[in-house]
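# Coordinate analysis (summary)
For reference, the chains in residue letters:
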Amino acid sequence: MPTGEELERERREKRESLSRTGTHAYPHNYPDRVPTRAVRDELKGSPPGAIHPDHPRRVAGRALSIRHLGRTAFVPLRDQSGELQLFLSVDHLGEEGLRAVLRWLDPGDLVGAEGIPVVTRRGEPSLAVRSLTLLAKALRPPPEKWHGLKDPEVRLRQRYVDLLSSPETLTRFTGRSVILRALRHHLDEEGFLGVETPVLERVASGALARPFVTHYNFLDEDYQLRIALELRLKRLIVGGFEKVYEIGPVFRNEDLDSTHVPEFSELELYWAYADYHDLRALVERMLHHLARSAAPFLSPEAAERIQRSFTPPFARVDFVHALEQHSGLPGVLDLPVETLREKARAVGATVTPSSPAGYCLDKLFAHHVEPTLQEPTFVEDHPRSTTPLAKQHRSLPGRVERFELFYRGFELGNAYTELNDPDEQLARFEEQRATRGEETYALDEDFVEALRYGMPPTTGVGMGVERLLMSLLDVASIKDVVLFPPTRRADPPSRPSPSSKPSG
RNA sequence: GGGCCUGUAGCUCAGUCGGUAGAGCAGGCGGCUCUUAACCGCAAGGUCCAGGGUUCGAACCCCUGCAGGCCCGCCA
């Protein structure tokens, strides 16, 4: 850090000289403060020049910049509720008081201010400061006040800098928390119980993904980080819970792009004595509710558009009909698997001689149909070979009772009428293992054992929370809704390249 | 894994034909009692992502690597 060092040294010197006057640079609290928004609200409707000397107020936050005009100065202050201008003048602070403040105050410092609410002659709601207190010195300068922090790499690696300098980032992540609170509240209101199940599993199953592996020293045993919540939650249904959900992190040892991160939050929900038709209606109600809760964090136009999109009923298409229509392959379910492999390979999928029909159908669907599903759409009644955990369709042979919800061309959720016959479950696992080799759902023996005790008819859904948030907050990249997405090592040791010619 | 693009002051960005780097903001000094991207003046601030090569001379051309972005592939 070349001249950053000089900037920091200057700020350290200001801090030290303040300490020498007996002022603590890092006091322990700042009592009786009010949000800056409260002061702005009080001043609403007051004319320029208004003064409220009988209502002294204390506010605290980050000083954004300093506009010094001789015997006055203006300092915008930001806290979580918004911004308020501090008005510093010799009239309230005295000659020496103002001079002293300007000696130590830097943009980025955290300060507390006590003063009286005023509206300046130019009409800006302000606090005429009688006393300014340093609450924490910023040794690093904040990003440029007008352009802010642009560097996408720094925004991810040092998210705190992004948050402290970009109000829209703070707003977006506030939106994340508020929407998830609304989600939990909605599920609670629907009668579901929130539960927590283990992140560390002997065998991570319930989805098709490579797990992260870790080691439990005490048991001297390798554990895996969960890739889904499904099998644990269904055990709870066996045990007598009738409506449960969990929202929590799952881990899939995979690459990262605009719709995938290796660590993400999943919502899974299981509902006994109900089927996927009941669940479809619940998902519609839930998303409609969440779209309303997202509105305060969006532009009015985006809020309106998203609420309109998520107003039930959503579109419904049959998996097989949609695939046949968009691919131009009639009778796709009756095609021999060799033909399906050939067609899948033709659209760029990685196909092996043992790739099963379900895999090829998934790939063909992903290529031909998914990009067309921009508005919320339920894709229903998948071929049986595409999934091992769903129950046979009650009227369509060769299909299962399943729906996936798509929006903007990506998958938001996946639901089944759950398979609850232990013998068929075991057969499906083994069938997958036989045809897919490594590419298979791990066999969870204890889960099958649980089913042998009897699981009521049940329906369940899994949704990627970040994708849900991308949809509701109207952003294009999953990193925009993950506070601390993973990044590569910042400064790997540089080594001379082996192919470079020796100097001489 | 493949293609394209990016990396220069604390931040945001210029940098022509290869001739030892520039602006604005922030910081320093001076001025100004209503600014709000305040303004005016002065001075200062650089591992040009890293390593190597070509050249009298490289931020610029070449090679390799690293990090990031976009697209494609892979991945429930």
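Residues numbered from 1 in each chain as written. Chains lettered and ligands numbered in written order. Predicted model: local features only at pLDDT ≥ 70, side-chain atom pairs only at ≥ 80, totals over all residues. Heavy atoms only, no water.

Annotation of chain A at the domain level lists domain 1 (4–141) and domain 2 (164–314 + 375–481). On a C-alpha basis, the centroid separation for the pair domain 1 and domain 2 is 48 Å. (Domains from an automatic or database assignment.)

So, on to helix α15 (residues 445–452). For α15, the complete set of buried residues consists of Phe447, Val448, Ala450 and Leu451. Looking straight down α15, one finds its buried side chains confined to an arc of 155 degrees; they lie on one side. (Buried < 20%, exposed > 50% of the residue type's maximum accessible area, 1.4 Å probe, protein only. Helix = DSSP H or I, 4+ residues; strand = E, 2+ residues; numbered from the N terminus. Arc of directions from axis to C-beta.)

So, about the environment of Leu282. Mapping Leu282 onto the fold places it in helix α9 (residues 276–294). Looking at Leu282, the relative accessible area reads 0%, which means it is buried. In this structure, the C-alpha to C-alpha distance between Leu282 and Asp106, residues 176 residues apart in sequence, is 53 Å. Not counting residues up to four positions away in its chain, the partners in contact with Leu282 are Glu190, Phe192, Leu269 and Trp271. (Contact = heavy atoms within 4.5 Å.)

Turning our eyes to something else, we now look at the confidence of the model for chain A. Mean pLDDT over chain A stands at 90; residues scoring 70 or higher make up 95%. Across chain A, the element-wise mean pLDDT spans from 80 in helix α14 (residues 422–436) up to 98 in strand β7 (residues 193–194). Across residues 492–504 the pLDDT falls below 50, and counting only partners more than four positions away or on other chains, this stretch makes 0 contacts in the model. Predicted complex metrics record ipTM = 0.89 and pTM = 0.91. (pLDDT = per-residue confidence, 0-100.)

Before going further, it helps to examine a nonpolar patch on the surface. On the surface, Tyr216, Phe218 and Leu219 cluster together into a nonpolar patch covering about 350 Å² of accessible area. Note that Phe218 resides in the loop between β9 (213–216) and β10 (221–225). What makes Phe218 exposed here is its relative accessible area of 72%. (Patch = residues over 30% accessible without salt bridge, like charges linked within 9 Å, V, L, I, M, F, W, Y side chains within 5 Å. Areas by Shrake-Rupley, 256 points an atom, 1.4 Å probe, with all protein chains shown as cover. Salt bridge = Lys/Arg side-chain N within 4 Å of Asp/Glu carboxyl O.)

Across the sheet, 8 strands lie side by side as β7-β11-β12-β17-β16-β15-β14-β13; this open sheet has mixed pairing. Pairing within the sheet leaves two strands with one partner each, and these edge strands are β7 and β13 (315–318). With 9 bridges connecting them, strand β11 (residues 243–251) and strand β12 (residues 263–272) associate as antiparallel partners. Counted as the bridge partner of Gly248 is Glu266 from β12. (Pairing = 2+ DSSP bridges.)

Our focus in this paragraph is the nonpolar core. One finds Leu267, Leu287, Leu290, Phe310, Met463 and Leu472 to be the most contacted residues of the largest nonpolar core, which totals 69 residues. Top contributing element to this core by residue count: α9, with 9 residues. Beyond its immediate stretch of four places on either side in the chain, Phe310 contacts Leu287, His288, Ala291, Pro376, Tyr407, Leu412, Ser471 and Leu472. Judged by nonpolar contacts, the second largest core, of 26 residues, contains Ala50, Ala63, Val101 and Leu134. (Core = buried A, V, L, I, M, F, W, Y, C linked by side-chain atoms within 4.5 Å.)

Within β11, 7 of the 9 residues are buried, leaving the element largely enclosed by the surrounding structure. Of the strand pairs in this sheet, β7 and β11 are connected by 2 bridges, and their pairing is parallel. By the bridge assignment for β11, Leu193 is matched with Val244.

Relative to each other, helix α8 (residues 230–239) and α15 sit at 20 degrees, their axes nearing to 9 Å. Looking at the two axes, α8 sits roughly parallel to α15. Where α8 crosses over α15, the two elements pack in a sense that is left-handed. Residues Leu231, Lys234, Arg235 and Val238 of α8 form the contact with α15, whose participating residues are Asp446, Phe447 and Ala450. (Axes fitted to C-alpha atoms, helices over the stretch in contact; angles between N-to-C directions. Parallel < 35°, antiparallel > 145°, perpendicular 65-115°, else oblique. Left-handed = near helix turned anticlockwise from the far one by under 90°.)

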